[in-house]
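Structure at a glance
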Amino acid sequence: TFFYLIGLIVYLRYVDRRQSVWLGVALIAFVLSAASKPAAVVFPLTLLAVDYFRQRPFTRSVLLEKAPFIAIALVAGILTLQAQRGGGAITDAWNPFQKVLFASYGTVMYVAKLFVPTDLSAIYPYPSPATGPGPEFYLAFAVAAVSVPAVLILFRRVRVVQFGLAF
């Protein structure tokens, strides 16, 4: 997160000043972030979101400046998948719906632990393939299915009212 945020801060400086050295520093910060945690592969998408919210036009040069970030993200993603397959973290034990249940549970659980930080752990293991996901996974799916769209709609309305934007 440290390198990811440093990369974003430096990229914002690049957008404001248009000095290519800042883009290079942002790229270095992204490499360090991706090396620290593979979830950082979304950094190029974040840069595009920054450009969108800063109302930078999506010209060819703006997209080309993201090419090194995208290339590094692809390499990091491929290396992560290979490492996880080799370590047994990726398995065919779960069907696609069960994977959605796990993602829903993770989303709801982490938000809940933000407000009620009890039983914290470095590892939250998947349930046994023999027993399958328990009822808490289905409940989390229902909560996420209702709350995620509700939050998105709420933020969209607040943004439209607060900033006078129309979408």
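Everything numeric here is computed off the predicted structure, so don't read it as measured data.

The rules behind each value
Residues numbered from 1 in each chain as written. Predicted model: local features only at pLDDT ≥ 70, side-chain atom pairs only at ≥ 80, totals over all residues. Heavy atoms only, no water. Helix = DSSP H or I, 4+ residues; strand = E, 2+ residues; numbered from the N terminus. Expected span 1.5 Å × (residues − 1). Buried < 20%, exposed > 50% of the residue type's maximum accessible area, 1.4 Å probe, protein only. Polar contact = N/O pair within 3.5 Å; in protein donor to acceptor, adjacent residues only side chain to side chain. Contact = heavy atoms within 4.5 Å. Salt bridge = Lys/Arg side-chain N within 4 Å of Asp/Glu carboxyl O. Arc of directions from axis to C-beta. Core = buried A, V, L, I, M, F, W, Y, C linked by side-chain atoms within 4.5 Å.

**Here we look at helix H6 (residues 96–115)**
Helix length check: H6, at 20 residues, gives a terminal C-alpha distance of 29 Å against a target of 28 Å (1.5 Å per residue), a fit within 8%. Of the positions making up H6, those classed as buried are Gln98, Leu101, Phe102, Ser104, Gly106, Met109 and Lys113. If you check the start of H6, you find a side-chain oxygen 3.0 Å away from the backbone N of Phe97, and it comes from Asn95.

**Structural notes on the side chain of Asp51**
With respect to the element layout, Asp51 can be found in helix H3 (residues 43–53). Contact partners of Asp51, with chain neighbours within four places excluded, come to Tyr11, Val15, Arg56, Phe58, Val62, Glu65 and Lys66.

**What to know about the pattern of salt bridges**
Across all of its chains, the model carries five salt bridges by this definition. Across the pair Glu65 and Lys66 runs a salt bridge, and its minimum N-O distance is 2.7 Å. As far as burial versus exposure is concerned, Glu65 and Lys66 are alike and both buried. Taken together, the shared-partner salt bridges in this structure form one network comprising Asp51, Arg56, Glu65 and Lys66.

**Some words on H3**
Along H3, the residues that are buried comprise Phe43, Pro44, Leu47, Val50 and Asp51. For H3, the arc enclosing every buried residue in end-on projection is 110 degrees, short of the 170-degree limit, so these residues lie on one face. Of the exposed residues in H3, the ones pointing more than 90 degrees away from its buried face are Leu45 and Phe53. Positive backbone phi, at 60 degrees, marks Gln55, one or two positions downstream of H3.

**Quick notes on the side chain of Arg56**
Looking at the element boundaries, Arg56 is found in the loop between H3 and helix H4 (60–64). Judged by relative accessible area, Arg56 falls into the buried class, the value being 10%. Those residues in contact with Arg56 that sit more than four places away from it in its chain are Tyr11, Tyr14, Val15, Arg18, Asp51, Val62, Glu65 and Lys66.

**Quick look at the nonpolar core**
Counting 17 residues, the largest nonpolar core has Leu8, Tyr11, Phe30, Phe43, Leu47 and Phe69 as its most contacted members. Among the elements of the structure, helix H1 (2–17), helix H2 (20–36), H3 and helix H5 (67–87) are those that each provide at least two residues to this core. Of the residues forming this core, the biggest block, six residues, is contributed by H1. Not counting the four nearest positions on each side in its chain, Phe69 is found in contact with Leu23, Ala26, Leu27, Phe30, Phe43, Pro44 and Leu47.

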